[in-house]
Amino acid sequence: MITGSYPNLRLRRNRKFDWTRRLIEENTLSPNDFILPIFLVDGKNKREKIPSMPEVYRYSIDRVTQIVDKAIRNKIPMIALFPKTKNSKKNMIGSEALNENNLVCRAIIEIKKRYNNQIGIMCDVALDPYTSHGHDGLIKSNNILNDETIEILIKQSLLQARVGCDVIAPSDMMDGRIKKIRRALDKEGFNNINILSYAAKYASSFYGPFRDAVGSKNNLRSDKKTYQMDFRNSSEALREISLDIKEGADMVMVKPAMPYLDIIKSIKNEFRIPVFAYQVSGEYSLLSNAINKKIVDKTVILESLIAFKRAGANAIVSYFADRLDKIL
Ligand code: PBG
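Now for a look at the structure at hand.

Calculation notes
Every chain is numbered on its own, with residues counted from 1 as its sequence reads. pLDDT decides what is reported in this predicted model: residues at 70 or higher carry local features, side-chain atom pairs at 80 or more are listed and counted, and totals for whole chains, interfaces and linings draw on all residues regardless. Hydrogens are left out, water is left out, and the side-chain values use all remaining heavy atoms of the structure. Exposure is judged per residue with a 1.4 Å probe applied to protein chains only, and the accessible area is read against the type maximum: over 50% gives exposed, under 20% gives buried, and values in between give partly exposed. Helix numbering and strand numbering both begin at the N terminus, where a helix is a DSSP run of H or I of at least 4 residues and a strand a DSSP run of E of at least 2. At least two bridges found by DSSP between two strands is the condition for calling them paired. Crossovers are marked right-handed if the path from the first strand over the helix to the second runs clockwise, as seen with the strands pointing away from the viewer. Surface patches are defined over residues having more than 30% relative accessible area and no salt bridge, joining like charges when they lie within 9 Å and nonpolar side chains (Val, Leu, Ile, Met, Phe, Trp, Tyr) when within 5 Å. Values of accessible area rely on a 1.4 Å probe in the Shrake-Rupley scheme; residue burial ignores everything except the protein chains shown. What counts as a salt bridge is simple: a side-chain nitrogen of Lys or Arg found within 4 Å of a carboxyl oxygen of Asp or Glu. Asp and Glu count as negative and Lys and Arg as positive, but His and the ends of the chain are not part of the count. The location of each charge is read from NZ of Lys, CZ of Arg, CG of Asp or CD of Glu. Note on definitions: a residue-residue contact is assigned when non-hydrogen atoms from the two residues lie within 4.5 Å. Definition of a polar contact: a pair of N or O atoms within 3.5 Å, with one able to donate and the other able to accept a hydrogen when the atoms are protein atoms, and with sequence-neighbouring residues admitted only if both atoms are side-chain atoms. Proximity is defined per residue: if any heavy atom of the residue lies within 4 Å of a molecule or strand, that residue is considered near it. Three classes are used: nonpolar for Ala, Val, Leu, Ile, Met, Phe, Trp, Tyr, Cys and Pro, charged for Asp, Glu, Lys and Arg, and polar for all others, with Gly counted as polar.

## A look at the pairing of strand β4 (residues 78-84)
Taken across its seven residues, β4 has six buried, putting it largely inside the fold. Bridge count between strand β1 (residues 34-41) and β4: seven bridges; the pairing is parallel. Residue pairing for β4: Leu36 is matched across the bridge by Ile79. Pairing between β4 and strand β5 (residues 120-125): four bridges, direction parallel. Within β5, the residue paired with Met78 across the bridge is Gly120. For the crossover from β4 across helix α3 (residues 103-115) to β5, the handedness is right-handed.

In structure tokens form, the structure reads like this:
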């Protein structure tokens, strides 16, 4: 492929000025490449700090317009909603997930009423924000039940679809849930609702700050290794993805992102399906803390985000997505 050599060939010639570098650039980012996660909290007039996530806040529904307005102004295509449920509303079976007046449902209704289809809304399907034990599914004698959990996830999906959610995102890692959720959505006439499967979701310590943000950290007594993937594996991720595609996923997510660029790339090569990278809370906080302590320059943000594009991601879920005007 290389037809010459030094001194005829000097690759530095293409790098000599800003304009030559711009001319040969292979990957770029625009606001279209982002999904902005938003944390919700009960109450009025709240914009709470999250101690483990610098510059990320939890919003009460009456103030969520503040951040959604900005996302729309910045041309971000979609937001992802995550509720911090009061401990008093959590129980063993996460029944608050099926309450049509829960935080997420009320937020969807408000946002849809105000903005209609100017921005997409994606919601997780999983029980962890609602269970007293912090797991994504039902528990029986220390086992996370698969099929019984799916029955609840179906109801959760239908509820979110009914109140106006655009993209259903199962993040629970139960086997077979995409198929059953797709079927249930179609049966109720929701054949236009997308499913974004968190198909390659690793059992990761990088989720720490998120669990703090949604208030599930202290509840979780064990790990999620019987349903989320082992970080030693990559072929297994391809199996997960291929099953979810067969079952009806429109898009798939790899999570976390930065330590799993190889997975993003091989999924893209193998399946040609929209792949999203989730730059998770631990990645966010590590970068933010290092920037705030001046250990690294803030350009590490752009550098890490471009890496996801280079690997083949179509879009990126990032807690930096509310500051793209400063980052891109
Ligand atoms: C819930 C869920 C988690 C994240 C997104 N959805 C945590 C978990 O599975 O424990 C993590 C996101 C992040 O760390 O930013 N199933």
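What follows continues from the structure just given.
## Description of a positive patch on the surface
Positive charge collects at one region of the surface, where Arg10, Arg12, Arg13, Arg15 and Lys16 lie side by side. Looking at where Arg15 falls in the secondary structure, it is placed in the segment before α1 (18-23).

## As for the environment of Arg114
Tracing the sequence through the fold places Arg114 in helix α3. Separated by 49 residues in sequence, Arg114 and Thr65 place their C-alpha atoms 8.7 Å apart. Beyond its immediate chain neighbours, meaning those up to four positions away, Arg114 contacts Thr65 and Asp69. A polar atom in the side chain of Arg114 sits 3.4 Å from the side chain of Tyr115.

## Comments concerning the site of the ligand
The environment of the ligand is formed by 16 residues, the closest being Arg211, Lys224, Lys255, Ser281 and Tyr319. Separating an oxygen atom of the ligand from a side-chain N or O atom of Lys224 is a distance of 2.7 Å. Separating an oxygen atom of the ligand from a side-chain N or O atom of Tyr319 is a distance of 2.6 Å. Its free accessible area being 400 Å², the ligand has 100% of it covered by the protein chains. Partitioned by chemical class, the residues of the shell around the ligand number six nonpolar, three polar and seven charged.

## Details of the environment of Lys84
Within the secondary structure, Lys84 is located in strand β4. Judged by its relative accessible area of 28%, Lys84 falls in the partly exposed class. For Lys84 and Asp42, which are 42 residues apart along the polypeptide, the C-alpha to C-alpha distance reads 7.7 Å. Residues within four places of Lys84 in sequence aside, it is in contact with Leu40, Val41, Arg58, Leu103, Ala213, Val214 and Gly215.

By themselves, these are just geometric observations and shouldn't be taken as functional.
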